[in-house]
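Tertiary structure, described
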Amino acid sequence: MASPVIPRVIIGVDLDYFYAQCEEVRNPSIRGKPVVICVYSGRTEESGAVSTSNYPARKLGVKSGIPIILAKRILANYPESVFLPIDLDYYRIVSDRIMEMIRPIGDKFEQASVDEAYLDVSLKSHGSFDGALDIASRIKQEILANEKMTCSVGIGQNKLMAKMAVDSKKPNGLTVIPPGQESLFLSQLPLGRLYGIGPKTEDKLRSIGISTIGELALADRENLSDLFGKKQGPMLKEMANGVDESLVVERPIEQMSRIVTLKHDALIYDFSEVLKPISIDLAEKLASSHLMCKSVSIIAITSDLKIRSRSKSLGEATKSADQIYTVAGELFSSFFKVQGDPKQNEPRLRRVGIKISDFVSVPPAKTETLEDFI
Ligand code: DCT
Ligand code: CA
Ligand code: CA
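Note that this is a predicted model, so its numbers are computed, not measured. (Residues numbered from 1 in each chain as written. Chains lettered and ligands numbered in written order. Predicted model: local features only at pLDDT ≥ 70, side-chain atom pairs only at ≥ 80, totals over all residues. Heavy atoms only, no water.)

Here we take up the coordination of the calcium ion (ligand 2). The coordination sphere of the calcium ion (ligand 2) contains the protein donors D14 (OD), L15 (O) and D115 (OD), at a distance range of 2.1 to 2.3 Å. Here the donor residues of the calcium ion (ligand 2) share one chain and are spaced in sequence as D-L-x99-D. Between the two metals, the calcium ion (ligand 2) and the calcium ion (ligand 3), the spacing is 3.5 Å, and D115 donates to both. With a relative accessible area of 2%, L15 lands in the buried category. (Donors = N, O, S within 2.8 Å, 3.2 Å for Na, K, Ca; no water. Buried < 20%, exposed > 50% of the residue type's maximum accessible area, 1.4 Å probe, protein only.)

Here it is in structure tokens:
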């Protein structure tokens with residue numbers, strides 16, 4: 001593989017204790033208390049595993065993967081602890097919004113998971129790590145200002161080093177590994193901290209007397225090839241030297257969503273006033289991305305914090321705010337009461353939103369006029 005022509009500057013972003021932090025943002029009164037996100041298996045009331053937890057819970061020993069029953073035992077003396085069922089739909093909405101916000105900040109953007117992304121900022125930083133530091137601070141500020149959420153950010157000259165920088169200080173970290181410092185930074189870390197080295201690889205390396213990243217960096221290529229194969233062996237050595245030529249790869253956008261909180265929880269509601277601006281917002285986003293959508297969904301979050309959604313496939317792709325608005329309005333009125341007497345105890349609507357997906361690209365041919373948006 002050819003070496004990159006210009007030195008690269010890569011930023012890695014990882015949202016802190018993401019699922020648990022989403023829950024803290026949704027309900028700020030649980031901040032500071034141990035928060036445990038649970039995947040209930042359904043066999044018995046408490047069977048299942050902990051998906052993730054916030055830092056107060058982690059400090060007490062409640063970590064990803066442990067049984068919920070064990071977490072309850074650990075937190076038995078902390079009655080303020082909060083156990084919540086995992087709500088992936090909600091976390092996805094928050095994630096989409098954040099990713100969309102930080103996507104344009106770099107030259108290239110790659111979402112690596114629901115809570116992780118890489119930005120190639122080589123051009124926007126003019127190749128300077130100080131410039132990248134300003135961009136990284138801006139990313140942190142924007143996520144905090146708009147989503148009340150902290151993240152950890154790392155800067156390195158490739159994705160591997162950006163990832164290692166992110167992982168070296170969490171939560172709310174901002175770590176730079178300047179060019180030339182890769183080996184020094186890595187050599188101080190235990191083997192298991194190198195991205196991609198799991199317990200099995202670690203055991204194998206130990207069997208040939210390698211127990212630090214620094215030792216792996218100096219290991220004999222032949223020995224490594226014998227043990228791990230011609231491809232993986234030398235790659236491990238390269239990684240231990242901070243070498244990674246993989247590119248930040250843009251992936252097509254799969255969906256866009258906008259969601260708003262109503263001024264007051266409502267049983268019946270005139271949706272037009274909230275759906276109109278978000279339809280226009282989505283259509284503008286479509287236009288700037290040169291996309292059209294073939295599917296419109298509505299999202300409704302009720303006062304019991306349940307998420308409901310309904311989708312409709314369109315016969316033909318659209319980029320019109322008016323059509324998005326009309327379809328969303330139809331979906332809402334077939335799904336919710338928009339007039340008449342509501343039943344007592346019916347959950348009230350708290351947040352409503354629109355999601356568009358199933359994109360097709362529009363070649364950027366003619367100049368767009370304002371009419372295309374409405
Ligand atoms: N996860 C899980 N079970 C595990 C490990 C992880 O369900 N045994 C889920 C929970 C969140 C997601 O995978 C990603 O995990 P982390 O990267 O640890 O995310 P995090 O909670 O955001 O942690 P951190 O603050 O360290 O980034
Ligand atoms: Ca995270
Ligand atoms: Ca993560």
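As a further point, take the sheet that holds strand β7 (residues 151-156). Strand order across the open sheet formed by five strands is β5-β6-β1-β7-β8, with mixed pairing between neighbours. Edge positions in the sheet fall to β5 (108-113) and β8 (174-176), since each has one partner strand and no second. With strand direction ignored, the average angle separating the axes of adjacent strands in the sheet is 15 degrees. Inspection of the sheet shows β5 paired to strand β6 (residues 116-120) by five bridges, in the antiparallel sense. What sits directly across from K108, in β6, is D120. (Pairing = 2+ DSSP bridges. Helix = DSSP H or I, 4+ residues; strand = E, 2+ residues; numbered from the N terminus. Axes fitted to C-alpha atoms, helices over the stretch in contact; angles between N-to-C directions.)

A separate point is the pairing of strand β12 (residues 349-361). Within a regular strand, side chains alternate between the sheet's two faces. Note: strand β9 (residues 255-266) against β12, eight bridges, orientation antiparallel. Its bridge partner lying in β12, S257 is registered against K355.

This part is about the packing of aromatic side chains. Counted by the stated rule, this structure contains four aromatic pairs. Note on Y19 and Y91: the rings are 4.7 Å apart at their centroids and 15 degrees apart in plane angle, and the pair reads as stacked. Here the residue Y19 occupies a position in helix α1 (residues 18-26), and Y91 occupies one in helix α4 (residues 88-102), the gap between them amounting to 72 residues. The ring of Y90 carries the charged tip of R26 above its face, separated from the ring centre by 3.9 Å. (Phe/Tyr/Trp six-rings, centres within 6.5 Å; stacked < 30°, edge-to-face > 60°. Lys NZ or Arg CZ within 6 Å of the ring centre and 35° of its normal.)

This brings us to the domain arrangement of the chain. We note that the domain assignment places domain 1 (10-17 + 90-176), domain 2 (20-88), domain 3 (186-240) and domain 4 (255-361) within the chain. The C-alpha-based centres of domain 1 and domain 4 are spaced at 29 Å. With six residues of domain 1 in contact, the opposing surface of domain 4 contributes nine residues. Of the roughly 690 Å² buried between domain 1 and domain 4 on both sides combined, carbon and sulfur atoms contribute 50%. For E100, the salt bridge is made with R258, and the minimal N-O distance between the two is 2.8 Å. Applying the counting rule to domain 1 against domain 4 returns two residue pairs in polar contact (both at pLDDT 80 or more). (Domains from an automatic or database assignment. Contact = heavy atoms within 4.5 Å. Buried area = accessible area lost by both parts, 1.4 Å probe. Salt bridge = Lys/Arg side-chain N within 4 Å of Asp/Glu carboxyl O. Polar contact = N/O pair within 3.5 Å; in protein donor to acceptor, adjacent residues only side chain to side chain.)

Our focus in this paragraph is the state of the cysteines. All told, the structure shown has zero disulfides when counted by the stated rule. Summary of cysteine pairing: C38 is not part of a disulfide, and the nearest cysteine sulfur, belonging to C22, is at 15 Å. With relative accessibility at 1%, the residue C38 sits in the buried group. (Disulfide = S-S within 2.5 Å.)

If you walk through the whole model with that rule in mind, you get one cavity of 30 Å³ or more. There is about 40 Å³ of room inside the largest cavity. Around the largest cavity sit G12, V13, D14, E116, A117, Y118, K163 and V166, which together line it. Secondary-structure elements contributing two or more residues to the lining of the largest cavity are β1 (10-15), β6 and α6 (159-168). Residues belonging to the lining of the largest cavity are distributed by class as follows: four nonpolar, one polar and three charged. (1 Å grid on protein atoms, 1.4 Å probe; cavity = no way out; pocket = protein on both sides within 12 Å on 5 of 7 lines; lining within 4 Å. Points joined across faces, edges and corners; volume = space filled by probe spheres on them. Nonpolar A, V, L, I, M, F, W, Y, C, P; charged D, E, K, R; others polar.)

Before going further, it helps to spend a moment on the pattern of salt bridges. When the charged atoms of two side chains lie near each other, side chains of opposite charge can form a pair. Counted according to the given criterion, the structure contains 19 salt bridges. For K263, the salt bridge identified is with E273, shortest N-O distance 3.6 Å. Of this pair, K263 sits in strand β9 while E273 sits in helix α12 (residues 272-288), placing them ten residues apart in sequence. Residue class for K263 comes out exposed when judged on its relative accessible area of 73%. Residue class for E273 comes out partly exposed when judged on its relative accessible area of 44%. Where D265 meets R350, a salt bridge forms, and the shortest distance between an N and an O atom there is 2.7 Å. You can see D265 sitting in strand β9 and its partner R350 sitting in strand β12, a full 85 residues away along the chain. With relative accessibility at 27%, the residue D265 sits in the partly exposed group. Take R350: its relative accessible area is 29%, and that puts it in the partly exposed class. Residues joined in a network through salt bridges with shared partners are D14, E116, K163, D167 and K170.

Turning to the environment of L144, a few remarks are in order. With respect to the helices, strands and loops of the structure, L144 is situated in helix α5 (residues 129-147). In this structure, L144 is in contact with M149 and T150, ignoring residues within four places of it in sequence.

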